[in-house]
Amino acid sequence: MPELPEVETIRRDLIDYVKGKKIKSVTILNKKTVRNKAVFFVNYLRNRKIIEINRRGKLLIITLEKKKKEKENKFLLIHLKMTGQLIFVQGKKSIAGGHSLSKESFSKAVGGALPNKHTRVIFTFVGNSFLYFNDLRLFGYLEIVSSEKVEQIKVNNYGPEPLSSDLTVSYLKTLLKNRTSCIKALMLNQKIIAGLGNIYVDEALFLAGIKPQRPGKSLKTKEIERLIISINSVITKAIDNRGTTFNNYVDSHGEKGNFTKLLQVYGRQGEICFRCGKIIEKCRLAGRGTHYCPNCQK
DNA sequence: GTGTTTGTTATCAA
DNA sequence: CTTGATAACAAACA
């Protein structure tokens, strides 16, 4: 379940691995994964370099090379949704049929050598390296779009990024002041704050000492201040620890995230609160499993 | 066979 | 138009 810290970890890795590399060929193993016409997608990417790798919320935005005759760059959007993985493999010189790499870390996380049965798209780079897009549940997608469309998506679909100066107390205050839905649902809304998902919303609300059931408009200024500090703190620590692996997430070399063992409430229902010793509870809010301490969170 | 996992969008209602 | 609530998507696992 990649959220902002997991996508950011992958983004940083991909900058090291594929930025500046030229795509030699693309193989689509599942047509549903690619939102463009398959022929266009494959032909457009062939012999084109990766220029930049950016992120907005949980969406990866890859800038593609502009050829001489073309007016502007296009962009490759990649959304991992629930179970998407992007795994980079540096192949050995001259191998025939498949590659194996440092198997140990890998075999558990993605089911052994690549490609596997969940591999949906394969990028082959000049220099015999590979980027595999795996996606068990087929919710994720890849799409080539114009610069106009990218700008549209960035502005219309996403609120301020955590860790950015745009996420201010006054912003959140005005947005929450008339909202009757619970703060948990509002924090999951990408148009209010970009990049948070089920895990980090629960963790941030615990840190802030706010019950997830509280209506948005019931939050006091002090609580909104605490909430923003908590969001930034949990996101920073999660990025530092290369994300959280609960089910499916692995980074671009198939390794799990280290934040899992630092979780305070997510997945800890029935266990003891590290802060007060009471039992962590779980309920359902906004259709999502929601974990909280009934004593620490008011 | 049943319930559970969740990012996002579609749909319907108010 | 905005907001909120819920289902749907899809596959695997306990």
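Residues numbered from 1 in each chain as written. Chains lettered and ligands numbered in written order. Predicted model: local features only at pLDDT ≥ 70, side-chain atom pairs only at ≥ 80, totals over all residues. Heavy atoms only, no water.

Caption draft 1: Representation of the pattern of salt bridges. Under the defined criterion, the tally for this structure stands at 14 salt bridges. The partner of Glu8 in a salt bridge is Arg55, with the nearest N and O atoms 2.8 Å apart. Residue Glu8 is found in helix 1 (residues 4-18), and its partner Arg55 is found in strand 2 (residues 50-56); the two are separated by 47 residues along the sequence. One network of salt bridges, in which partners are shared, links Glu8, Arg11, Arg12, Arg55, Arg56 and Glu161. (Salt bridge = Lys/Arg side-chain N within 4 Å of Asp/Glu carboxyl O. Helix = DSSP H or I, 4+ residues; strand = E, 2+ residues; numbered from the N terminus.)

Caption draft 2: Up close: the sheet that holds strand 1 (residues 23-28). With antiparallel pairing, 4 strands are arranged side by side in an open sheet as 1-6-7-5. Both edges of this open sheet fall to strand 1 and strand 5 (84-90), since each of them pairs with a single strand only. Across this sheet, the average inter-strand angle for adjacent strands is 15 degrees, counted without regard to direction. Of the pairings in the sheet, the one linking strand 5 to strand 7 (residues 129-135) comprises 7 bridges and is antiparallel in character. Within strand 7, the residue paired with Leu86 across the bridge is Phe133. Packing against the sheet, helix 1 makes contact with strand 5, strand 6 (119-125) and strand 7, and its axis sits at approximately 25 degrees to strand 5. Along the sheet face, helix 2 (residues 38-45) touches strand 1 and strand 6 and points at about 160 degrees away from the line of strand 1. (Pairing = 2+ DSSP bridges. Axes fitted to C-alpha atoms, helices over the stretch in contact; angles between N-to-C directions. Contact = heavy atoms within 4.5 Å.)

Caption draft 3: Looking closely at the protein's contact with DNA strand B. Around DNA strand B sit 16 residues in total, of which His79, Met82, Lys282, Arg284 and Arg288 are the nearest. Sugar and phosphate atoms constitute 56% of the interface atoms of DNA strand B, taking the interface as everything within 4 Å of the protein. The side chain of Tyr266 places a nitrogen or oxygen atom 2.6 Å from a phosphate oxygen of DNA strand B. One of the side-chain nitrogen or oxygen atoms of Arg288 is found 2.5 Å away from a base nitrogen of DNA strand B. Mapped by element, the contributors of at least two residues to the surface near DNA strand B are strand 9 (281-285) and strand 10 (288-292). Partitioning the surface near DNA strand B into residue classes produces 4 nonpolar, 5 polar and 7 charged. (Near = heavy atom within 4 Å. Polar contact = N/O pair within 3.5 Å; in protein donor to acceptor, adjacent residues only side chain to side chain. Nonpolar A, V, L, I, M, F, W, Y, C, P; charged D, E, K, R; others polar.)

Caption draft 4: Region of the structure containing the environment of Thr168. With respect to the helices, strands and loops of the structure, Thr168 is situated in the loop between helix 4 (147-157) and helix 5 (169-176). Exposure remark for Thr168: the relative accessible area of 30% places this residue in the partly exposed category. Residues Thr168 and Ile224, spaced 56 residues apart in sequence, show a C-alpha to C-alpha distance of 9.3 Å. (Buried < 20%, exposed > 50% of the residue type's maximum accessible area, 1.4 Å probe, protein only.)

Caption draft 5: Seen up close, the domain arrangement of chain A. Domain assignment breaks chain A into domain 1 (4-156) and domain 2 (160-292). Measuring from the centre of the C-alpha atoms in domain 1 to the corresponding centre in domain 2 gives 28 Å. The contact between domain 1 and domain 2 buries some 2,000 Å² in all, and 54% of this surface belongs to carbon and sulfur atoms. Its largest share of buried area at the contact with domain 2, domain 1 owes to Leu4, Pro5 and Glu6, together 26% of the area lost on that side. At the boundary of domain 1 with domain 2, the tally comes to 3 salt bridges. The interface formed by domain 1 and domain 2 contains 11 residue pairs in polar contact (both at pLDDT 80 or more). When residues of the side of domain 1 that touches domain 2 are traced back to their parent elements, those giving at least two are helix 1, strand 2, strand 5 and helix 3 (103-110). The biggest single contributor to the side of domain 1 that touches domain 2 is helix 1, with 10 residues. (Domains from an automatic or database assignment. Buried area = accessible area lost by both parts, 1.4 Å probe.)

Caption draft 6: Region of interest: the protein's contact with DNA strand C. As a matter of local geometry, DNA strand C sits amid Lys32, Lys117, His118, Leu136, Arg137, Leu138, Phe139, Arg179, Thr180, Ser181 and Arg288. One of the side-chain N or O atoms of Arg179 is found 2.4 Å from a phosphate oxygen in DNA strand C. Ser181 has a polar backbone atom sitting 3.2 Å from a phosphate oxygen of DNA strand C. Counted by class, the surface near DNA strand C contains 3 nonpolar, 3 polar and 5 charged residues.

Caption draft 7: Representation of the packing of helix 7 (residues 198-208) against helix 8 (residues 221-240) in the model. Where helix 7 meets helix 8, the axes come as close as 8 Å, and the angle between the chain directions of the two elements is 130 degrees. The angle between helix 7 and helix 8 places the two elements in the oblique class. In the packing of helix 7 onto helix 8, the handedness of the crossing is right-handed. Packed against helix 7, whose contacting residues are Tyr200, Glu203, Ala204, Leu205, Leu207 and Ala208, the element helix 8 presents Arg226, Leu227, Ser230, Ile231, Ser233, Val234, Ile235 and Ala238 at the interface. When the residues that make up the contact of helix 7 with helix 8 are grouped by side-chain class, the tally is 10 nonpolar, 2 polar and 2 charged. (Parallel < 35°, antiparallel > 145°, perpendicular 65-115°, else oblique. Left-handed = near helix turned anticlockwise from the far one by under 90°.)

Caption draft 8: Looking closely at the sheet that holds strand 8 (residues 141-146). A sheet is described by the order of its strands in space; here 4 strands give the open sequence 2-3-4-8, paired in antiparallel fashion. Edge positions in the sheet fall to strand 2 and strand 8, since each of these pairs with one other strand and no more. Each strand axis lies, on average, 25 degrees off the axis of its neighbour in the sheet, ignoring direction. Pairing of strand 4 (residues 74-79) with strand 8, which is carried by 6 bridges, proceeds in the antiparallel orientation. Bridge pairing in strand 8 links His79 to Tyr141. Together, strand 3 (59-64), strand 4 and strand 8 form the strand contacts of helix 2, whose direction differs from that of strand 8 by roughly 70 degrees. Helix 4 contacts strand 2, strand 3, strand 4 and strand 8 of the sheet and is inclined by roughly 115 degrees relative to strand 8.

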